[in-house]
Amino acid sequence: MAAHKPVEWVQAVVNRFDEQLPIKAGQQNTHTKVSTEHNKECLINISKYKFSLVISGLTNILKNVNNMRIFGETAEKNLYLSQLIILDTLEKCLAGQPKDTMRLDETMLVKQLLPEICHFIHTYREGNQHAAELRNSASGVLFSLSCNNFNAVFSRISTRLQELTVCSEDNADVHDIELLQYISVDCSKLKRLLQETVFKFKALKKVAQLAVINSLEKAFWNWVENYPDEFTKLYQTPQTDMADCAEKLFDLVDGFAESTKRKAAVWPLQIILLVLCPEIIQDIAKDVVEETKMNKKLFLDNLRKALAGHGGSRQLTESAAIACVKLCKASTYINWEDNSVIFLLVQSMVVDLKNLLFNPSKPFSRGNQNADVDLMIDCLVSCFRINPHNNQHFKICLAQNSPSTFHYVLVNSLHRIITNSALDWWPRIDAVYCHAMELRSMFSETLHKAIQGCGAHPAIRMTPSLTFKEKMTSLKFKEKPTDLETRSYKFLLLSLVKLIHADPKLLLCNPRKQGPETQGSTAELITGLVQLVPQSSMPDIAQEAMEALLVLHQLDSIDLWNPDAPIETFWEISSQMLFYICKKLTSHQMLSSTEILKWLREILICRNKFLLKNKQSDRSSCHFLFLYDVSGGGTSQISLDHEEMMRCAPGATLRKGKGNSSMESTAACSGTPICRQAQTKLEVALYMFLWSPDIEAVLVAMSCFRHLCEEADIRCGVDEVSVHNFLPNYNTFMEFASVSNMMSTGRAALQKRVMALLRRIEHPTAGNTEAWEDTHAKWEQATKLILNYPKTKMEDGQVAESLHKTIVKRRMSHVSGGGSIDLSDTDSLQEWINMTGFLCALGGVCLQHRSTAGLATYSPPMGPVSERKGSMISMVSTEGNAETPVSKFIDRLLTLMVCNHEKVGLQIRTNIKDLVGLELSPALYPMLFNKLKNTISKFFDSQGQVLLTETNTQFVEQTIAIMKNLLDNHTEGSSEHLGQASIETMMLNLVRYVRVLGNLVHAIQIKTKLCQLVEVMMERRDDLSFCQEMKFRNKMVEYLTDWVMGTSNQATDEDVKCLTRDLDQASMEAVVSLLAGLPLQPEEGDGVELMEAKSQLFLKYFTLFMNLLNDCSEVEDESAQTGGRKRGMSRRLASLRHCTVLAMSNLLNANVDSGLMHSIGLGYHKDLQTRATFMEVLTKILQQGTEFDTLAETVLADRFERLVELVTMMGDQGELPIAMALANVVPCSQWDELARVLVTLFDSRHLLYQLLWNMFSKEVELADSMQTLFRGNSLASKIMTFCFKVYGATYLQKLLEPLLRTVITSSEWQHVSFEVDPTRLEATESLEENQRSLLQMTEKFFHAIINSSSEFPPQLRSVCHCLYQATCHSLLNKATVKEKKENKKSVVSQRFPQNSIGAVGSAMFLRFINPAIVSPYEAGILDKKPPPRIERGLKLMSKILQSIANHVLFTKEEHMRPFNDFVKSNFDAARRFFLDIASDCPASDTVNHSLSFISDGNVLALHRLLWNNQEKIGQYLSSNRDHKAVGRRPFDKMATLLAYLGPPEHKPVADTHWSSLNLTSSKFEEFMTRHQVHEKEEFKALKTLNIFYQAGTSKAGNPVFYYIARREFLRSFVFNFPLDCSISPRY
């Protein structure tokens, strides 16, 4: 369009610009500002090619806007902003006006634009807050207009001059003459103006003459200031025509000045005209002056007299001062070398001028303070440029007792010196750097007075560690200044801050000062500026203070903070500033906080530039205070804690280190702790801006995260550590930063993205925790205000404004401290919603960190629940966290789920439902589930009856919606946390409650939603935790099928009938998902045989589904006949029929054994539809791969076999999920039985080593010391004891029986006593002889033991090797953070410095050898007990042997100390023996697996243990496992198998060869092992016959074996080994 229709295209752009002006579009926000700026830039660029079109369009817009009638303060402000935007655009377009503009364009500008511009200049009203800015902007337009269109402007002025020559005095309009003050004037244009004035001056009326005199002077300064080179050239090469015009006008004006009043009016112009005549100035400086120039000399003489006070009139004195200042100012634009005469003229007047203007005792005043100040500034600047070394007037202005006007003049003069474009001969500001200390003192005093006048608190230092010479607290301000004084202080303060902004060196300079003093003065300066930033009563000063601080953070400025120690000073001062500002931001004590955040972003950029420049020098700073440890499951600071940081920083003093001493370096880092605090506070601020309702604030905060990451990148590059040690959540911060660059689709979309990123934050830090807690406090306050609205509205006569609105912009929080809230302001509620989402999304990371209790390869510790260290079982429930802020927040959310506020109740409920369901951190799911469960459980009385109330129903409905959203929403990380708390009880209670709601429309809708929730729940089955899944699903099927039976075809209303069918459909879909792979499980304890009960239950459901199919068929026939609306119902019924068929298929597929007999007859049913349905069901179950082998006779045995396989299943990392879970939950009273079962099962599967490794590793990990290792009655100890007993019996028999029989029967030992305790000796016994005897026996036994390593059973070698490895090689990642830092290699080695092989010896003697020595009869080694004398000796010998094994000497028992030499001498021999039996582990294939025969009793014992502890195992696994670690969850398989098997007490003996056994007896296993029966061919043959089974015990406690007598070949079988058991025939 731009190419083909340029006029229409330009007009469209202009129209868009017009439509988006505030006067039409309303109050501006971030998006409209950006759009307006874009349109403005577009028009400026277009004007370079289509100048006339753009200017014409803008002129028309300005004209229309000026003619608009407005009402109200808001409309007036929008009008003012619109006019400023238009004028600014016009100025920029005119400044770029192309040179080839046609004459026609000039005419258009004069006729259309110029009158509109003049309107702003002529209608200036003194005191109007907007008029001054509009006039300045309009004058800028006029200046740009006159640059290229001077003729048009000059024509208007010339015409007005001509009119003023003929008009009457009363009708003289001089407004156009005033345009001279604003137009662009160069040398030639000034000549034209002078010539025109000379030509018409006499004819002008008096008022016009005065206007011309005033305007021409300002036109002159426009020329000099914009074209200084032309003026300078005038003195290098005088221009006669310019001088002639100036001289003529001088004479005309001199003739006009007949009276004192007129002289005072014309003297300033006359001195200017004289300056334009350099040759005349030289002539009148001579002693002899021509007659024609005498009036000029006389003028100068009168000027001097008046300046000295001899003019006779105060009016002339004031005018003389003005004229002399103009002369001084003009002389500064002249090079001294070009004309020294004018400088002599200046020097002849400047002393009197200074005395007149800068007299503290008699200040100069003409009644117009602004004009006086401007005059003094011009004088001071000019004097500095003339002679910078004559600074007496500087000292006067700097003096503390000088008037504040003098201070103001000095500061503004310095600012002008710095900011004006300098000529070559102008002196630099460096000459004033020596006054930096006085200027800082002035700043401190003024700051204190200004803040005191505003009623604010006096300035407070951010740190007590800095020492200053100029203490602000030493200023003596006894009385609060008046409002007028406060105003003057504010003006002075603004000027001082601008001065810092212009040249920070002027106040940073510290010549000849030591490092600490320099840093102190810098800190005081920056502290003062920082304190101005949040000053809402001084917005202009606050804005300028931010700019000044930004300049102070530039590279060159930071180096001046303390040149002796730039890095340390930077960290301390900059961090204090950051901490203070962020603290104010988080407490919402700042107006325009978004603008402050933008400024803070620039500060962060400057900080990073400095760090990058000095990153090598930064090595001296104390980085360790910044580091986090992000290993394992949590995040922690790995150096000083918060209290230590607060202790070490404030009292330290900075000093320069000598020789880079570490002590000096550490001392130099006193600022480092505040760095940690500043970074934390910055994180808090950025986090809390994320829930702002202002999109711009959110985007700016997100972009700031990038600079945090950049700082971490720089610092980790210096220290060569991971960036995550500086910023644990670095990756998420970078994502925040990247999102900030994207164009958002709106506020809701942006908040959704923010919450998604918040959920990805993994590591808790001080920053995100504090941000969450602060936000929670504000959220609680806002919630109370919302719930109490309108009760909290202010009293009558007061306006309850929104807490989010401010005078300038909406940037402060709604909850920043107000006592009321206005819900008519949508931002108030939106901010509350944003806060709610923020708390939901970030809440997970703020939960109290829980240390992981074990490695991935190990299960948590075994032992009684009360004794388990770090067991996750105690952490499954979150009830213990009831008082944590996160828990309170969840509780509050649950109450708001049923909020019934009349105005916003629906909005609150809707948003809570969506935010909790869609945005909640997955880590909070377990807490939410438990709290929902507890709340819903209160909807039932003690008898289980439903407490039906409207609020309870509303809560249930909300819960259903939340759970469905939560399960539907596959949030990242949800799978990990969904299973940490069971939802079975809650879901069952939901169904129980909804069942009683009846069949009203709302109740049907709730039931339908609940069915949909059940379906979604089953879709997420693999991620959820079920403690008793089969029982739960069976109960859910029972409940949901009741709804199908109770609601079909009962309604008469068509709408209700449709809803009813929808419920049928939803119910059946839920039932389909529930029945998938579900073995039916009847209620226990009904006295009916299990298979019969399952058969009856199957028949019940199958009959229901068949009836539903018939129902569908009948209704379909009716629908086909009636047509119309019924067709929709027909489609519903087709879907319902499909679901019903699926339900029947799933039911039969999982229960073929109990259901096939009921369903097979349908294949021969007389009804064709029924037969077709059966065939469809049969087809589906075949497609599903139904296992018909469950119909085989061996099905039960196969299921038990699968149960054993499941328990012995091992994961990829060596974990044993079911076995270790069972070990954690079985009561200690059943540990003996469990130890026997586990060892038997795992050995039969050749996995004993893996069992022992898991058990022993956990035992070692939990042991307090080496001495307590395997000393208690833990499960690991019992497993070890059982292994020793089963596998070591033959070894002990061979080893100990000969030795014991020798001691008992040999003649040499017949009368020997072994008693060594003097208190127990008989009179005839000798202690020394007894000691020798005991030592001799012990030595014999010990040598026999250590020489038997070749006979040591391979199974026991495996046990000892496993124990040795578990003791030596505990994994490194179980070490603490400190141990990791110290590069420790073994957890046990760190805790137990003794040799790890000692654990093997200690356990072997304690649990294996010594019990057999002390009690040989009980161990089966001897046929009868040894004599008491021998028993005593054996007991004492076992003590000695145990000491050798433990590698310790006797200390407590005095009578055993004589044996210490023997004990010590055998340490090495014992160690070699232990290493021999523990160093190597025999291969699994080479080991005889003595327990490869698994008795029925062990399998049934396993069944009973699993069944009785099924729920506890589920809870344990849900809290402790990785769902993906071992494929499909082992617990699910176990639950399915147990459901098929049923409870143990329902197992009839005759059904299988598996039978019951005295489950506490292990004699059979011992017998089989001792005689190695499993190796005999007879046993193998007998086993294959399947004719024996085992049931119960005899009266003697022996196992009873039954055989099947009808097997004829039994007669030919002959036993050839002894069997201590009873055998009974069975027929």
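Peer 1: How would you sum up the overall build of the chain? Please name residues and give values.
Peer 2: What the chain contains, in helices and strands, is 69 helices and five strands. With 1627 residues in all, the chain has 55% of them scored as buried. For the chain, the share of sequence-separated contacts (at least 6 apart) that also reach a separation of at least 24 residues comes to 76%. A total of about 70700 Å² of accessible surface is found on the chain, and carbon and sulfur atoms cover 50% of it.

Peer 1: So what about the pattern of salt bridges? Which residues, and what values?
Peer 2: When the charged atoms of two side chains lie near each other, side chains of opposite charge can form a pair. Overall, the coordinates contain 43 salt bridges when judged by the stated rule. Here Lys613 ties to Asp559 by a salt bridge, and the two come within 3.1 Å at their closest N and O atoms. Placement of the pair is Lys613 in helix 28 (residues 593-613) and Asp559 in the loop between helix 26 (555-558) and helix 27 (566-586), with a sequence separation of 54 residues. We note a salt bridge from Glu780 to Arg892, for which the minimum N-O separation is 3.3 Å. In this pair, Glu780 sits in helix 35 (residues 766-788) while Arg892 sits in helix 38 (residues 885-896), placing the two residues 112 residues apart along the sequence. Accessibility expressed as a relative area gives 22% for Arg892, which makes it partly exposed.

Peer 1: Explain unusual backbone geometry residue by residue, including any values.
Peer 2: Notably, His1447 is not glycine yet its phi reads approximately 65°, a positive angle. Structurally, His1447 is set in the loop between helix 62 (1428-1446) and helix 63 (1460-1465).

Peer 1: Summarise the packing of helix 38 against helix 40 (residues 925-937); cite the residues concerned and give the values.
Peer 2: Where helix 38 contacts helix 40, the two axes come as close as 10 Å, and the packing angle between them is 50°. One way to sum up the angle between helix 38 and helix 40 is to call them oblique. The way helix 38 lies across helix 40 gives a crossing that is right-handed. Every residue of helix 40 that contacts helix 38 at Val886, Ser887, Ile890, Asp891 and Leu894 is listed here: Met927, Leu928, Lys931, Leu932 and Thr935. Within the contact of helix 38 with helix 40, the residues separate by chemical class into six nonpolar, two polar and two charged.

Peer 1: How would you sum up the confidence of the model for the chain? Please name residues and give values.
Peer 2: Of all residues in the chain, 74% attain a pLDDT of 70 or more, and the chain-wide mean is 75. Counting contacts from residues 1121-1125, a segment whose pLDDT is below 50, to residues more than four positions away or on other chains yields three contacts. Low pLDDT, under 50, characterises residues 1606-1627; the stretch is placed with 42 contacts to residues that sit more than four places away or in other chains.

Peer 1: I'd love a proper account of the nonpolar core, names of residues and values included.
Peer 2: If you look at the biggest cluster of nonpolar residues, it comprises 347 residues, and the most contacted ones within it are Phe231, Phe443, Ile581 and Met1017. Apart from the residues lying within four places of it in its own chain, the contact partners of Phe443 are Leu493, Leu496, Val497, Ile500, Leu507, Leu525, Gly528, Leu529 and Leu532. Listed in part, the 103 residues of the second largest apolar core include Leu1247, Met1280, Val1286 and Leu1299.

Peer 1: Describe the environment of Lys395, listing the residues and the values that go with them.
Peer 2: Tracing the backbone through its elements, the reader meets Lys395 in helix 19 (residues 392-398). Here the alpha-carbon distance between Lys395 and His435, two residues 40 residues apart in the chain, equals 8.9 Å.

Peer 1: An account of the packing of helix 39 (residues 905-919) against helix 41 (residues 950-968) is needed here, citing residue identities and associated values.
Peer 2: A pair of packed helices is captured by two measures, namely the crossing angle of their axes and the spacing between those axes. It is at 7 Å that the axes of helix 39 and helix 41 come closest, and there the two elements cross at 35°. For the element pair helix 39 and helix 41, the recorded crossing hand is right-handed. Contacts from Arg909, Lys913, Asp914, Val916, Gly917 and Leu918 of helix 39 reach helix 41 at Gln954, Gln958, Ala961, Ile962, Asn965 and Leu966. Counted by class, the contact of helix 39 with helix 41 contains five nonpolar, four polar and three charged residues.

Peer 1: Before we move on, could you go through the side chain of Lys326 and cite the residues and values that matter?
Peer 2: Structurally, the position occupied by Lys326 is in helix 16 (residues 314-331). Polar side-chain contacts of Lys326 include one of 3.2 Å to the side chain of Glu217. Apart from the residues lying within four places of it in its own chain, the contact partners of Lys326 are Glu217, Trp221, Ile271 and Ile272.

Peer 1: Now, about the packing of aromatic side chains: what can you tell me, with residues and values included?
Peer 2: Centre distance and the angle of the planes are the two values used to describe a pair of aromatic rings. Evaluated as defined, the whole model comprises 28 aromatic pairs. Each ring, one from Phe250 and one from Phe299, has its centre 5.6 Å from the other, and the planes form 80°; the classification is edge-to-face. One end of the pair, Phe250, is in helix 12 (residues 240-256); the other, Phe299, is in helix 15 (residues 294-307), and 49 residues separate them in sequence. Taking the relative accessible area as the measure of exposure, Phe299 reaches 3% and is therefore buried. For the pair Phe705 and Phe733, a centre-to-centre distance of 4.5 Å together with 35° between the ring planes defines the contact as tilted. Of this pair, Phe705 sits in helix 32 (residues 695-719) while Phe733 is found in helix 33 (residues 730-739), placing the two residues 28 residues apart along the sequence. Grouping residues by exposure puts Phe705 and Phe733 together as buried.

Peer 1: Outline the environment of Glu711, listing residues and values.
Peer 2: By the secondary structure assignment, Glu711 is in helix 32. Accessibility expressed as a relative area gives 6% for Glu711, which makes it buried. Sequence separation between Glu711 and Arg607 is 104 residues, and the spatial gap between their C-alpha atoms is 8.2 Å. Within the structure, the side chain of Glu711 is placed 3.4 Å from the side chain of Arg607, a separation counted as a polar contact.

Peer 1: Would you mind going over the environment of Leu578 in detail, with residue names and values included?
Peer 2: Secondary-structure assignment places Leu578 in helix 27. Overall, Leu578 belongs to the buried group, its relative accessible area being 2%. When residues no more than four places from it in sequence are discounted, the contact partners of Leu578 are Leu600, Leu604, Arg607, Ala678 and Leu682.

Peer 1: Explain the side chain of Glu217 to me, and be specific about the residues and the numbers.
Peer 2: Structurally, the position occupied by Glu217 is in helix 10 (residues 206-226). Glu217 has contacts with Pro268, Leu269, Ile272 and Lys326, leaving out every residue within four places of it along the chain.

Calculation notes
- Residues numbered from 1 in each chain as written.
- Predicted model: local features only at pLDDT ≥ 70, side-chain atom pairs only at ≥ 80, totals over all residues.
- Heavy atoms only, no water.
- Helix = DSSP H or I, 4+ residues; strand = E, 2+ residues; numbered from the N terminus.
- Buried < 20%, exposed > 50% of the residue type's maximum accessible area, 1.4 Å probe, protein only.
- Contact = heavy atoms within 4.5 Å.
- Areas by Shrake-Rupley, 256 points an atom, 1.4 Å probe, with all protein chains shown as cover.
- Salt bridge = Lys/Arg side-chain N within 4 Å of Asp/Glu carboxyl O.
- Axes fitted to C-alpha atoms, helices over the stretch in contact; angles between N-to-C directions.
- Parallel < 35°, antiparallel > 145°, perpendicular 65-115°, else oblique.
- Left-handed = near helix turned anticlockwise from the far one by under 90°.
- Nonpolar A, V, L, I, M, F, W, Y, C, P; charged D, E, K, R; others polar.
- pLDDT = per-residue confidence, 0-100.
- Core = buried A, V, L, I, M, F, W, Y, C linked by side-chain atoms within 4.5 Å.
- Polar contact = N/O pair within 3.5 Å; in protein donor to acceptor, adjacent residues only side chain to side chain.
- Phe/Tyr/Trp six-rings, centres within 6.5 Å; stacked < 30°, edge-to-face > 60°.

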